[in-house]
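Letter by letter, the chains look like this.
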Amino acid sequence: MKKLVYICSPCRGDYEKNIQYAEAYSRAAMLKGYIPITPHLYFTRFLDDSNSEERKMGMDAGLQLLLMCSEVWVFGIDNPTEGMQAEIAL
């Protein structure tokens, strides 16, 4: 059975670049035999991250997914976003 790995990386800031990086991290995890869980690639497709209520829903759902994972891979640790800080704290 493959392990679930949570991809913790920036979303806010340079959104387009950060999403490209998150896709690359997720691809690398998959190619190494893991199943990547990268909520900011998924939830930002249908939730508005600039809406505080919808952002909270997405963050809460992401934290629930994090609890299901065997590992957390953190990228951008030198300058973590608010969302990353919550994921790392959990």
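The structure under discussion appears in the preceding block.
So, a few notes on the structure that sits alongside this text. (Residues numbered from 1 in each chain as written. Predicted model: local features only at pLDDT ≥ 70, side-chain atom pairs only at ≥ 80, totals over all residues. Heavy atoms only, no water.)

1. Examining the packing of aromatic side chains
Move 1: Scanning the entire structure with this criterion turns up six aromatic pairs.
Move 2: Taken together, a centroid distance of 6.3 Å and an interplanar angle of 20 degrees make the contact between Tyr21 and Tyr25 stacked. One end of the pair is Tyr21 and the other is Tyr25, both in helix α1 (residues 15–31) and four residues apart, which spans about a single turn.
Move 3: Exposure remark for Tyr21: the relative accessible area of 42% places this residue in the partly exposed category.
Move 4: An angle of 85 degrees between the planes, with centres 5.9 Å apart, marks the rings of Phe43 and Phe46 as edge-to-face.
Move 5: Following the ring pairs from residue to residue traces out a cluster consisting of Tyr21, Tyr25 and Phe75. (Phe/Tyr/Trp six-rings, centres within 6.5 Å; stacked < 30°, edge-to-face > 60°. Helix = DSSP H or I, 4+ residues; strand = E, 2+ residues; numbered from the N terminus. Buried < 20%, exposed > 50% of the residue type's maximum accessible area, 1.4 Å probe, protein only.)

2. Remarks on the nonpolar core
Move 1: Grouped together as the largest cluster of nonpolar side chains are six residues: Tyr6, Cys8, Ile37, Leu66, Cys69 and Met84.
Move 2: Counting residues in hydrophobic clusters, the runner-up holds five residues, among them Val5, Ile7, Ala29 and Trp73. (Core = buried A, V, L, I, M, F, W, Y, C linked by side-chain atoms within 4.5 Å.)

3. Thoughts on the environment of Cys8
Move 1: Note that Cys8 resides in strand β1 (residues 4–8).
Move 2: Along the chain, Cys8 and Val74 lie 66 residues apart, while their C-alpha atoms are 4.7 Å from each other.
Move 3: Other than its neighbours up to four places away in sequence, Cys8 contacts Val72, Trp73, Val74, Phe75, Met84, Glu87 and Ile88. (Contact = heavy atoms within 4.5 Å.)

4. Examining the pairing of β1
Move 1: With respect to burial, β1 is a largely interior element, four of its five residues being buried.
Move 2: Examined bridge by bridge, β1 and strand β2 (residues 35–37) share three bridges and lie parallel to one another. Note on β2: the bridge partner recorded for Val5 is Pro36.
Move 3: Each parallel crossover has a hand, and the one from β1 via α1 to β2 is right-handed.
Move 4: With four bridges joining them, β1 and strand β3 (residues 71–74) adopt parallel strand pairing. Across the sheet, residue Tyr6 finds its bridge partner in β3, namely Val72. (Pairing = 2+ DSSP bridges. Right-handed = clockwise from strand over helix to strand, strands pointing away.)

5. Describing the side chain of Ser26
Move 1: With respect to the helices, strands and loops of the structure, Ser26 is situated in helix α1.
Move 2: Residue Ser26 is classed as buried on the basis of its relative accessible area, which comes to 9%.
Move 3: At a separation of 2.6 Å, a polar atom in the side chain of Ser26 contacts the side chain of Thr38.
Move 4: Beyond its immediate chain neighbours, meaning those up to four positions away, Ser26 contacts Ile7, Pro36, Thr38 and Leu41. (Polar contact = N/O pair within 3.5 Å; in protein donor to acceptor, adjacent residues only side chain to side chain.)

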